[in-house]
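# A look at the structure
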Amino acid sequence: MAYDNPNFFHTKSSSINEEISLEPFSISGYSLFMKREDRIHSEVSGNKFRKLKYLVEDMKVSPKRAILTFGGAFSNHIAATAAMGKLFGIPTVGVIRGEELEQYKENNPTLQYASGCGMRLIFISRSDYRDKDQGDVLKRYVSDLHEYYIIPEGGTSSLAVKGCSEILSDTDTKFDYVAAAVGTGGTFAGILNSLQPHQEGIGFSVLNGTFQKEILGKFSNNTHYHLTDKYNFGGYAKIDSELVRFINKFKEIAGIQLDPVYTAKMMYGIMNLMKEGYFRKNSRILAIHTGGLQGIEGMNLRLKSKNLPQIEI
Ligand SMILES: Cc1ncc(COP(=O)(O)O)c(C=O)c1O
């Protein structure tokens, strides 16, 4: 096994902050920076790098010799786990939501990528996926389940949260607000754990609701945050022409590619909160770019099939 890839999780543990000029967006009175976690590694990027770091270390000292994890058709977590497995020589299995996807897998860039990294894909029905933690549901698909180190959906666990608490570095204490997109809540919980008392966390739920508060409370004692789903564009992976236009404009002006599922909704939300006067005047805001760029190709295929404008890459 090639577990000891010496330069992987250890060499580069902090990413740079880039200033975003707000004038072209007709906003003034704040300074906005983006932490380029998407640049931290070419294949295991953003919050996935952080989430997998300690999980891989834990797996190395466990008797398990392969990883099994879960995700949807365009999952960043599936892509990153597959890439990490390839880099470390760890066999990986991805349990994918939706058995109908098997016949379309050749047309799905995320699944193609994962499978190209050597990940074995197992497609299960949506109802079994929902019940996957119950009884013997998974054993019907994976007979030797006990052999696997299981990483939960979205990669969220206490070790993942520990990794995400390393996103911020000492110099980031100068910011008044730190913003992140929120799916399961693990990444934001890690960020909350490393905030100073004068800093407020701003979480943008990309799902319907702010039920992640429960997870946040489980993994962090910090309650100094604001969590909203107001900028979720209708729910998980929902997108319209306005968001596509925003992504393309942001890239043109700031030179930074946003992903449509997470970081674009966060950035759109930040700018709207600025316009609505949520932030204190002259405050400094740090937005975390949590990666997810691999999902753009798949989203563009969906936009194309609906004759909608596409995201410029
Ligand atoms: C690119 C990206 N950003 C943000 C998130 C949200 O992370 P979490 O599920 O820990 O809230 C995810 C999901 O893992 C993601 O893929």
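For the structure itself, consult the block above.
All residue numbers here refer to positions counted from 1 along the written sequence of the relevant chain. Per-residue local features of the predicted model are confined to residues with pLDDT of at least 70, and side-chain atom pairs are confined, for both listing and counting, to 80 or more; whole-chain, interface and lining totals are unaffected and use all residues. Here the side-chain values reflect all heavy atoms present in the structure, with hydrogen atoms and water set aside.

## So, the pattern of salt bridges
Rule in force here: The term salt bridge refers to a pairing of a side-chain nitrogen on Lys or Arg with a carboxyl oxygen on Asp or Glu at a separation within 4 Å. Elements are defined by DSSP. Helices are runs of H or I of four residues or more, strands are runs of E of two residues or more, and each kind is numbered from the N terminus. A 1.4 Å probe rolled over the protein chains alone gives each residue an accessible area, and that area as a share of the maximum for its type sets the label: buried under 20%, exposed over 50%, partly exposed in between.
Scanning the model with the defined rule gives 12 salt bridges in all. Taking the shortest distance from any N to any O, the salt bridge between R36 and E18 comes out at 2.9 Å. Within this pair, whereas R36 is found in the loop between strand 2 (31-35) and helix 1 (47-60), its partner E18 is found in strand 1 (residues 17-20), the two being separated by 18 residues in sequence. Given the relative accessible area of 23%, E18 is considered partly exposed. Residue K230 is joined to E276 by a salt bridge in which the shortest nitrogen-to-oxygen separation is 3.4 Å. Placement of K230 in the loop between strand 9 (225-228) and helix 8 (241-254) and of E276 in the loop between helix 9 (263-275) and strand 10 (284-288) is noted, with a sequence separation of 46 residues between them. Overlapping salt bridges bring together E18, R36 and D38 as one network.

## Notes on the site of the ligand
Cut-off, in case you're wondering: Being near a molecule or strand, for a residue, means having at least one of its heavy atoms within 4 Å of it. Identification of polar contacts relies on pairs of N or O atoms within 3.5 Å, with a donor-acceptor requirement for protein atoms, meaning one able to donate a hydrogen and the other able to accept it, and with residues adjacent in sequence counted only if both atoms are side-chain atoms. Here the open area of atoms and residues is found with the Shrake-Rupley method and a 1.4 Å probe, where only the protein chains shown may cover a residue. Residues are grouped as follows: nonpolar covers Ala, Val, Leu, Ile, Met, Phe, Trp, Tyr, Cys and Pro; charged covers Asp, Glu, Lys and Arg; every other residue, Gly included, is treated as polar.
In the vicinity of the ligand there are 16 residues, among which K48, K51, T184, T187 and T290 approach most closely. In the environment of the ligand, an oxygen atom lies 2.7 Å from a nitrogen or oxygen atom belonging to the side chain of T184. G185 is positioned with one of its backbone polar atoms (N or O) 2.8 Å from an oxygen atom of the ligand. Expressed as a share of its isolated accessible area of 390 Å², the protein-covered part of the ligand is 98%. Of all the secondary structure elements, the ones that give two or more residues to the shell around the ligand are helix 1, strand 7 (177-182) and helix 6 (186-193). Ranked by the residues each element gives to the shell around the ligand, the list is headed by helix 1, at three residues. Across the shell around the ligand, the residue classes break down as three nonpolar, 11 polar and two charged.

## What to know about the sheet that holds strand 2
The line we're drawing: Strand pairing follows a simple DSSP-based rule, namely that at least 2 bridges must link the two strands. For helices, the fitted line uses only the C-alpha atoms of the stretch in contact; every axis is such a line through C-alpha atoms, and the angle between N-to-C directions lies from 0 to 180 degrees. By definition in these notes, contact holds between two residues if any of their heavy atoms fall within 4.5 Å.
Taken together, six strands build an open sheet; the order of strands is 1-2-10-7-8-9 and the sheet is mixed. Each edge of the sheet is formed by a strand with only one pairing partner; in this case those strands are strand 1 and strand 9. Neighbour to neighbour, the strand axes of the sheet diverge by 25° on average, direction disregarded. Pairing analysis gives four bridges linking strand 1 to strand 2, with the strands arranged antiparallel. For I20, the partnering residue across the bridge sits in strand 2 and is L32. Set on the sheet, helix 6 makes contact with strand 7, strand 8 (200-205), strand 9 and strand 10; between it and strand 7 the angle comes to about 160°.

That is the geometry; function is a separate question.
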